[in-house]
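# Structural characterization, general
So the chains spell out like this:
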Amino acid sequence: MFEKVLIANRGEIALRILRACSEMGIATVAVHSTADEDAMHVRLADESVCIGPPPAAESYLNIPAVISAATITGADAIHPGVGFLAENARFAELTAEHGCVFIGPSPEHIRLMGDKIAAKKTAKELGLPPVPGGDGPVKDEADAKRQARAIGYPVLIKASAGGGGRGMKAAHGENELGAALALAQREAHGAFGDATVYLERFLEHPRHIEVQILGDGHGHVVHFGERDCTPQRRHQKVVEEAPSPALNAAEREHLGRISVEAMAKLGYRSLGTLEFLYQNGEFFFIEMNTRLQVEHPVSEMITGVDLVREQIRLAAGAPLGYAQSDIAFSGHAIECRINAEHPRNFTPAPGKITEYHTPGGMGVRVESGLYSGCRVPPYYDSLIAKLVVHGRTRNEALMRLRRALGEYVIGGIDTTLPLHRDIVAAPAFIDGAIDIHWLERFVAGGG
Ligand code: ADP
């Protein structure tokens, strides 16, 4: 097993990884920017190294600084967490070249799935049905028109290097296509330095359902069930739950099986998530994330498995050690992503936390690095806390979530807590009768 792991991330996910390491008896190194020197994970880590000024490009994304910190502290592995360098194949390669283990998949698989056009093609070959779409990258507007006519309107223009819902624009007819294409290309270039886009059929009422898998790189793969991440704003997840209220047992079994078979064929190693849209009883593969995901706790809550621990164990070369039939599913879990943002207009709200009280009690879990008196810096993602509940049934989980949201106090800044209190009280959400467009309507006052 590793003796010392460097955590190349910040915020709640850095703390999450630190906790797994501590329980495994592994020493931890926190790296941080000057904006995060008082962060909870930095205080709790065995060692910490300041790797640069606040802008992520000069600190958390600064590969030489992160790898130097690992070398100086003698860390034998790096956990990249979520975001930042987690899906950077070059970083994974360089980590290995410097004698450190990258806790994640092979650079080849990161690269393959990071190119969404190549990922869809591979997924199809592996038996995962993709969303119907165009025949390759869009060359120009005339090519986009040709592809869109073949697919049928409405179409969605998506960035090949995509992530976080950026570079994605819908066109409902040929008259909208030119402008939407230009916008998507500009956004993709701005966000990823790559303007390559492709077309997909725009599904009008899907749910987002994804499968958590874990592979050992030798063809042994298990899944930890599905997560339903249908409530979204700007294509970003807001509330996640497991299991999905929309699937029956046969659909669930089918989805788990095709996902495991595909990943076994690929020889995938580490944690990964296969994302699908689900509409009218059909699943459509959209992308794979080759890393830990923000919403992983809901899968942990219904299986009792610490996924980060499993990821670290396999990276250290331990055998998987169990089969699909050893994973028992129990009850229902729901997670709310709480952001430092105004709950209605979503303006970022960094600042000082003046008062902090977390909910507790049976089946309640809080993932957050916040404490009274800490500062939420303005430079990074606005996610500040995740509230996760578990109940024997979905109804019990909903009641518990409502109770826990009522107890949670985060004073001094605006947060999206009030929005979550409204969501859990919304009849459509309670009934599970929503699609990916519901939350936008709900926020706008409809739904
Ligand atoms: P990203 O990598 O930017 O997160 P994804 O491909 O994972 O992009 O899609 C993010 C979200 O965008 C999905 O969860 C879904 O809500 C929406 N979306 C993606 N593809 C489609 C599609 N073909 N039709 C309708 N909505 C889509």
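Fair warning: this is a prediction, and the values are worked out from it, not measured in the lab.

## A short note on the overall build of the protein chain
- Secondary structure summary: the protein chain contains 15 helices and 22 strands in total.
- Over its C-alpha trace the protein chain gives a radius of gyration of 21 Å, about what one expects of a compact globule, namely 22 Å for 447 residues.
- C-alpha extents for the protein chain along the principal axes are approximately 60 × 50 × 45 Å.
- Counting contacts in the protein chain only where the partners sit at least 6 residues apart, residues at least 24 apart contribute 65% of the total.
- Approximately 17,500 Å² of the protein chain is accessible, and the part contributed by carbon and sulfur atoms is 51%.

## As for the site of the ligand
- Around the ligand, a shell composed of 21 residues is seen, among which Gly-165, Arg-201, His-208, Gln-232 and Glu-287 lie nearest.
- Between an oxygen atom of the ligand and a main-chain N or O atom of Gly-164, the distance comes to 3.3 Å.
- Take Glu-287: an N or O atom from its side chain is 2.6 Å from an oxygen atom of the ligand.
- About the coverage of the ligand: the protein hides 96% of its 560 Å² of free accessible area.

## As for the sheet that holds strand β8 (residues 197-201)
- Sheet architecture is open: three strands sit in the order β7-β6-β8, paired in antiparallel fashion. Two strands close off the open sheet at either side, each with one partner strand: β7 (169-171) and β8. Going from strand to strand, the sheet's axes swing by 30 degrees on average, the running direction of each strand aside.
- Bridge count between strand β6 (residues 155-159) and β8: five bridges; the pairing is antiparallel. Bridging across to β8, Ile-157 finds its partner in Leu-199.
- Of the strands in this sheet, β6 and β8 are in contact with helix α6 (residues 116-125), which crosses β8 at around 45 degrees.
- Packed onto the sheet, helix α7 (residues 141-151) meets β6 and β8 and runs at close to 20 degrees relative to β8.

## Some points on the sheet that holds strand β4 (residues 77-79)
- Judged by pairing direction, the sheet is parallel, and its five strands sit side by side in the order β3-β2-β1-β4-β5 without closing on themselves. The outermost strands of the open sheet, each flanked by one partner alone, are β3 (47-52) and β5 (101-102).
- Bridge count between strand β2 (residues 27-33) and β3: five bridges; the pairing is parallel. Bridged to Ala-30 within β3 is Ser-48.

## As for the domain arrangement of the protein chain
- Structurally, the protein chain comprises domain 1 (4-103), domain 2 (132-201) and domain 3 (207-443).
- The C-alpha centroid of domain 3 is placed 23 Å from the C-alpha centroid of domain 1.
- Each partner contributes to the interface: domain 1 provides 31 residues, whereas domain 3 provides 29 residues.
- Regarding the contact of domain 1 and domain 3, the summed buried area is about 2,300 Å², with carbon and sulfur atoms giving 59% of it.
- For the side of domain 1 that touches domain 3, the secondary structure elements donating two or more residues are α1 (11-23) and α2 (40-44).
- Per-element accounting of the side of domain 1 that touches domain 3 gives the leading share, nine residues, to α1.

## Focus: unusual backbone geometry
- Of note, the amide linkage connecting Tyr-153 to Pro-154 takes the cis form, showing an omega dihedral of -5 degrees.
- Within the secondary structure, Pro-154 is located in the loop between α7 and β6.
- Note that the residue after Ala-242, namely Pro-243, is joined by a cis bond; omega there is -5 degrees.
- Residue position: Pro-243 is located in the loop between β13 (239-242) and α9 (249-266).

## As for the nonpolar core
- If you look at the biggest cluster of nonpolar residues, it comprises 38 residues, and the most contacted ones within it are Ile-410, Ile-423, Phe-429 and Trp-438.
- Contributing elements (two or more residues each) for this core: β16 (332-339), β21 (383-391), α12 (394-407), α13 (417-425), α14 (427-431) and α15 (438-443).
- Among the nonpolar cores identified, the runner-up in size contains 32 residues, and Ala-30, Ala-45, Leu-214 and Val-294 belong to it.

## Some words on the packing of aromatic side chains
- Summed over the entire model, instances satisfying the criterion amount to ten aromatic pairs.
- Ring centres 4.9 Å apart and planes at 40 degrees place the aromatic pair Tyr-278 and Phe-283 in the tilted group. Accessibility classification places Tyr-278 together with Phe-283 in one group, the buried group.
- Seen from their ring centres, Phe-429 and Trp-438 are 6.5 Å apart, and the 20 degrees between their planes marks the pair as stacked. In terms of burial, Phe-429 and Trp-438 fall into one category: buried.
- Three or more aromatic residues link up through ring pairs in this structure, and these residues are Tyr-60, Phe-84, Tyr-379 and Tyr-380.
- One cation-aromatic arrangement involves Arg-233 over Phe-346; the distance from NZ or CZ to the ring centre is 3.5 Å.
- The residue whose ring lies beneath Arg-394 is Phe-429, and the NZ or CZ to ring-centre distance is 5.5 Å.

## As for the side chain of Ser-59
- Along the polypeptide, Ser-59 turns up in the loop between β3 and α3 (63-73).
- Classification of Ser-59 as buried rests on a relative accessible area of 0%.
- A distance of 3.1 Å separates the side chain of Ser-59 from the backbone oxygen of Pro-55, its partner in a polar contact.
- Apart from residues no more than four positions distant in its own chain, Ser-59 is found in contact with Ser-33, Ile-51, Gly-52, Pro-53, Pro-54, Val-66 and Tyr-380.

Cut-offs used in this document
For every chain, the first residue of the written sequence is number 1, and numbering continues from 1 onward in sequence order. Totals for whole chains, interfaces and linings use all residues, but because this is a predicted model, local features are given only for residues with pLDDT of at least 70 and pairs of side-chain atoms are given and counted only at 80 or more. By convention in this description, side-chain values take in all heavy atoms of the structure and omit both hydrogens and water. Secondary structure elements follow DSSP: runs of H or I of four or more residues count as helices, runs of E of two or more count as strands, with numbering from the N terminus. The reference for a compact globule is 2.2 Å times residues^0.38; the radius of gyration itself is calculated from the C-alpha atoms. The contact rule is simple, with two residues in contact once any of their heavy atoms fall within 4.5 Å. To be clear on the numbers: accessible area is Shrake-Rupley with a 1.4 Å probe, and residue cover counts the displayed protein chains and nothing else. Here a residue counts as near a molecule or strand whenever at least one of its heavy atoms sits within 4 Å of it. The term polar contact refers here to a pair of N or O atoms within 3.5 Å; inside protein, the definition further demands a hydrogen-donor-capable atom paired with an acceptor-capable atom, and it admits residues adjacent in sequence only when both atoms are side-chain atoms. At least two DSSP bridges between two strands are needed for those strands to be called paired. Angles run from 0 to 180 degrees between N-to-C directions of axes, and those axes are lines fitted to C-alpha atoms, restricted for helices to the stretch in contact. A domain assignment, automatic or from a database, supplies the domain bounds used here. Accessible-area loss on putting two parts together, using a 1.4 Å probe and summing over both, is the definition of buried area adopted here. In this text, buried Ala, Val, Leu, Ile, Met, Phe, Trp, Tyr and Cys residues form a nonpolar core when linked through side-chain atoms within 4.5 Å. Only protein chains enter the accessibility calculation, which uses a 1.4 Å probe. A residue is then buried if its area is under 20% of the maximum for its type, exposed if over 50%, and partly exposed in between. A pair of Phe, Tyr and Trp rings is counted when the ring centres sit within 6.5 Å of each other, with Trp represented by its six-membered ring. The angle between the planes then sorts it: under 30 degrees is stacked, over 60 is edge-to-face, the rest tilted. Consider the ring centre and the ring normal. A charge sits over the ring if Lys NZ or Arg CZ is within 6 Å of that centre and within 35 degrees of that normal.

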